[in-house]
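Residue-level structural notes
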Amino acid sequence: MALKSAIRNLRNNPHLLFVRLPNILSFLCIVVGVVWLLLLPLNEYSRNTYISENALLPGQVHAYFTGSEQNIFRGYKRELEGLLNEGQERGGQKDEVEVTVAVSDKVQSILQAAGLKVATQKYEYTSAGITHQGENVYAIIHAPRGDATEAIVLVAAWKTADDELNLNGVTLALTLARYFKRWSLWSKDIIFLITPDSKSGTQAWIDAYHDMHPASVQPLPLKSGALQGALVIEYPFEHRFKSLHIVYDGVNGQLPNLDLFNTAVAIAGGQMGIGANLQEMWTHDDSYEHRLQTMFRGMTKQGLGYATGAHSSFMPYHIDAITLQPKGEGWEDEMALGRTIESLCRSLNNLLEHLHQSFFFYLLMQSQRFVSIGTYLPSAMLIAVNFTIMAIALWMRTGYYPETKPKTETKKPSDEKTKSNAIAERKLALPLSLVVGLHLLGLAPLWIFNNIFHQYFKTTTYIFMIVDIILPLLLSSLLSTSLALKSPIIPQQYHLIKSFSLLLLGLSLSTLATLNFSLSFMIGLLCAPLTFISRIQGSAPFRCITSALGLVVLNLLSPPTVLVGVCWYAGVDVETVLTQAAFGWDVWGMWTQVVVWCVWWPAWLIGCVHLGSSIF
């Protein structure tokens, strides 16, 4: 009886049902979602890593890459160093091109002398007014025990992801090519790819391998079978190293199969005695703080969606890949790294089918601790659900809440008794047109930031910050007056505008959470204030002052302002970030900008219009 009485009172109190209760539920969803994420590093919510694919057998074979191979390594390195030093002594752009050609020819001759089939590929990309061009050199070892239907790729770029000279990495790849050719145990072809850089060269090669390349990229004259995995070697310094840094983040938040990462950790730590690090956590004591920090660093890279190395280009084609980076100063040399790569290739060579048994969606806390998607996904879903709850409440409010009716409507005595249950006709044309129009308007900044020259990025960002101040006030003024409309907009339509906007935001973030959890979670938190924005009631001075303060806070959360603030905090130039983003759009197929300008920015703009309407 008490429950029935409470439900009856709730139905008879529309303000509590349609205003206070949705606000409370939305706030609880946000709080629970954040707390859920903070609980993940605890032992009760995370678990130890394990290898699901038994055929990998990591560390079960003896690695023979040592002894005389070190002399081969030093010989190759001396030859390549001579060509590079010759180019530095000459100087000049023409001589640099000649040296690049000479180095490419030298790499080809080394691979051919080792008995491999060698081919080259030229490519050219243009992004933000910058031209990226070069020539890839690659060679194939055909498997003595295979039928050329499967292959493994070893990549070494002349420039690492941090734009450092990767001389040792390239030399090690050439040494391994000569060493692997002498073995008859391979059941898969092995492809050795030497690219000019880690950004465009690998992408051009993998696109051409699957015949998805643009006209500015040459097709590949030589191919093998389906690629089962890829390993990238980065060794940009001369001294010995202490541990291996494993980079695994891909484009648009894609991740390799967890078995590949676990195999690398098991071989490096178990077989070779080399420590494994991730997310640039050089000292990890397995505490809650370090686990949380590692998780947040991984979420940041996943949310931004950019390529963290040459391995990232393989992810869109469902090819599992990682980058191995020696770090620190210790007692391990290039032979230890070579044996690690040899053992990894032997494990991938054992595969009977493509990696599929382990996880593709996960968050790593440390090298041997992870959280699966079933555990962490509810945190982002709760953030997205709060928008949907408010959207549904506003939709119901526009039909049953009396204050949303036009003021000109006369009340009859019979309506007084049933006004709480009265149904108002919803006027959908203007709200739908405005919401759809503002989301389509997001295509304008999306096109601008992906097509202008890089030297104009900073100026354009500041222009958009000014536009974000003026545009909501202009739209609020037009909606609140009869200049652009036949009649002023009524309160019901404001609620419908907010309802449609939040509904689209909730649906978009819920879908995005299954593809890129981190991006969905971060944008959901930045958009959380939009749930609680409403038109201010009261006297004109109070409405103007309160709305102005609210608009100031919202402008601090606009996409351009957040970009400038994050760049200032990280000490990175805005032009550098946007140039990288434009390159990602043009070359990598990165779609983070679509989410920012076609999901986040329109929702933010509608929230500002809703709040700014209180001023007029």
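Residues numbered from 1 in each chain as written. Predicted model: local features only at pLDDT ≥ 70, side-chain atom pairs only at ≥ 80, totals over all residues. Heavy atoms only, no water.

**Things to note about empty space enclosed by the protein**
Over the atoms, a rolling probe the size of a water molecule traces out where space has been left empty. With the rule as written, the count across this model stands at 2 cavities of 30 Å³ or more. Taken together, Tyr-248, Asp-249, Leu-255, Gln-279, Thr-294, Met-295, Gly-298, Met-299, Gln-302, Tyr-362, Leu-363 and Leu-364 form the lining of the largest cavity. The element that contributes the greatest number of residues to the lining of the largest cavity is helix α8 (residues 288-304), accounting for 5 residues. Within the lining of the largest cavity, the residues separate by chemical class into 7 nonpolar, 4 polar and 1 charged. Estimated volume of the second largest cavity: approximately 60 Å³. (1 Å grid on protein atoms, 1.4 Å probe; cavity = no way out; pocket = protein on both sides within 12 Å on 5 of 7 lines; lining within 4 Å. Points joined across faces, edges and corners; volume = space filled by probe spheres on them. Helix = DSSP H or I, 4+ residues; strand = E, 2+ residues; numbered from the N terminus. Nonpolar A, V, L, I, M, F, W, Y, C, P; charged D, E, K, R; others polar.)

**Brief notes about α8**
With 17 residues, α8 extends 24 Å between its outermost C-alpha atoms, agreeing within 8% with the 24 Å of an ideal straight helix rising 1.5 Å per residue. The set of residues buried in α8 consists of His-290, Arg-291, Leu-292, Thr-294, Met-295, Gly-298, Met-299, Lys-301, Gln-302 and Gly-303. Of the residues flanking the end of α8, it is Gly-305, one or two places downstream, whose phi is positive at about 80°. (Expected span 1.5 Å × (residues − 1). Buried < 20%, exposed > 50% of the residue type's maximum accessible area, 1.4 Å probe, protein only.)

**Some remarks on the sheet that holds strand β10 (residues 362-366)**
Whenever strands of a sheet pair, they do so through backbone hydrogen bonds, lying parallel or antiparallel. Ordered in space as β1-β11-β10, the 3 strands form an open sheet in which the pairing is antiparallel. Each edge of the sheet is formed by a strand with only one pairing partner; in this case those strands are β1 (47-48) and β10. Taken together, the 2 bridges between β1 and strand β11 (residues 369-372) define a ladder with antiparallel strand orientation. In the sheet register, Asn-48 faces β11, and the bridge partner there is Arg-369. (Pairing = 2+ DSSP bridges.)

**Some points on unusual backbone geometry**
Unusually for a residue other than glycine, Leu-57 sits at a positive phi of about 45°. Tracing the chain through its elements places Leu-57 in the loop between β1 and α3 (68-90). When its relative accessible area of 47% is taken as the criterion, Leu-57 is described as partly exposed. Of note in the backbone geometry, Asp-211 takes a positive phi value of approximately 55° without being a glycine. One can find Asp-211 in the loop between α6 (201-209) and β6 (226-233).

**Things to note about the UniProt feature "transmembrane region" (unreviewed entry) in the chain**
Mapped onto this structure's residue numbering, the UniProt feature "transmembrane region" (unreviewed entry) falls at residues 21-42, 376-396, 428-449, 461-484, 548-571 and 591-612. Counting secondary structure, residues 21-42 comes out at 86% helix and 0% strand; the distance between its end C-alpha atoms is 32 Å. (UniProt positions renumbered as here; feature names shortened; annotations may be inferred.)

**As for the sheet that holds strand β9 (residues 321-332)**
Strands sit in the order β2-β3-β5-β4-β6-β9-β7-β8 across an open sheet of 8 strands; the sheet is mixed. Each end of this open sheet is capped by a strand with a single partner; those strands are β2 (117-127) and β8 (275-277). Neighbour-to-neighbour, the strand axes of the sheet open up by a mean angle of 25°, direction not taken into account. The sheet contacts of helix α7 (residues 258-271) involve β7 (241-247), β8 and β9, and relative to β7 the element is tilted by about 170°. Across the sheet, helix α19 (residues 574-588) lies against β2 and β3 (130-141), angled at about 125° from β2, the strand it touches most. (Axes fitted to C-alpha atoms, helices over the stretch in contact; angles between N-to-C directions. Contact = heavy atoms within 4.5 Å.)

**Quick notes on the pairing of β10**
Counting buried positions over the 5 residues of β10 gives 5, a clear majority of the element. Sheet topology note: the β10/β11 ladder contains 4 bridges and is antiparallel. Across the sheet, the residue bridging to Leu-363 is Val-371, located in β11. Linking two consecutive strands that pair antiparallel, namely β10 and β11, is a turn of 2 residues.

**Some thoughts on the packing of helix α5 (residues 167-181) against helix α9 (residues 334-349)**
Running from amino to carboxyl end, α5 crosses α9 at an angle of 50°, the nearest separation of the two axes being 11 Å. Relative to α9, α5 is oriented oblique. Crossing hand, α5 versus α9: right-handed. Judged by residue contacts, Leu-172, Leu-176, Tyr-179 and Phe-180 of α5 engage Glu-334, Leu-337, Gly-338, Ile-341, Glu-342 and Cys-345 from α9. Broken down by class, the residue content of the contact of α5 with α9 amounts to 7 nonpolar, 1 polar and 2 charged. (Parallel < 35°, antiparallel > 145°, perpendicular 65-115°, else oblique. Left-handed = near helix turned anticlockwise from the far one by under 90°.)

**Description of the packing of aromatic side chains**
For the structure on display, the rule yields 23 aromatic pairs. Geometrically, the ring pair formed by Tyr-123 and Tyr-125 is tilted, given 6.2 Å between the ring centres and 45° between the ring planes. No difference in accessibility class separates Tyr-123 from Tyr-125, as the two residues are buried. Plain terms: the ring middles of Tyr-235 and Phe-237 are 5.1 Å apart, the flat faces sit at 75° to each other, and that makes the pair edge-to-face. The same class applies to Tyr-235 as to Phe-237, namely buried. In this structure an aromatic cluster arises from ring pairing among Tyr-64, Phe-65, Tyr-179, Phe-180, Trp-183, Trp-186 and Phe-192. Between Arg-426 and the ring centre of Trp-395, over which it is positioned, the NZ or CZ distance is 4.0 Å. (Phe/Tyr/Trp six-rings, centres within 6.5 Å; stacked < 30°, edge-to-face > 60°. Lys NZ or Arg CZ within 6 Å of the ring centre and 35° of its normal.)

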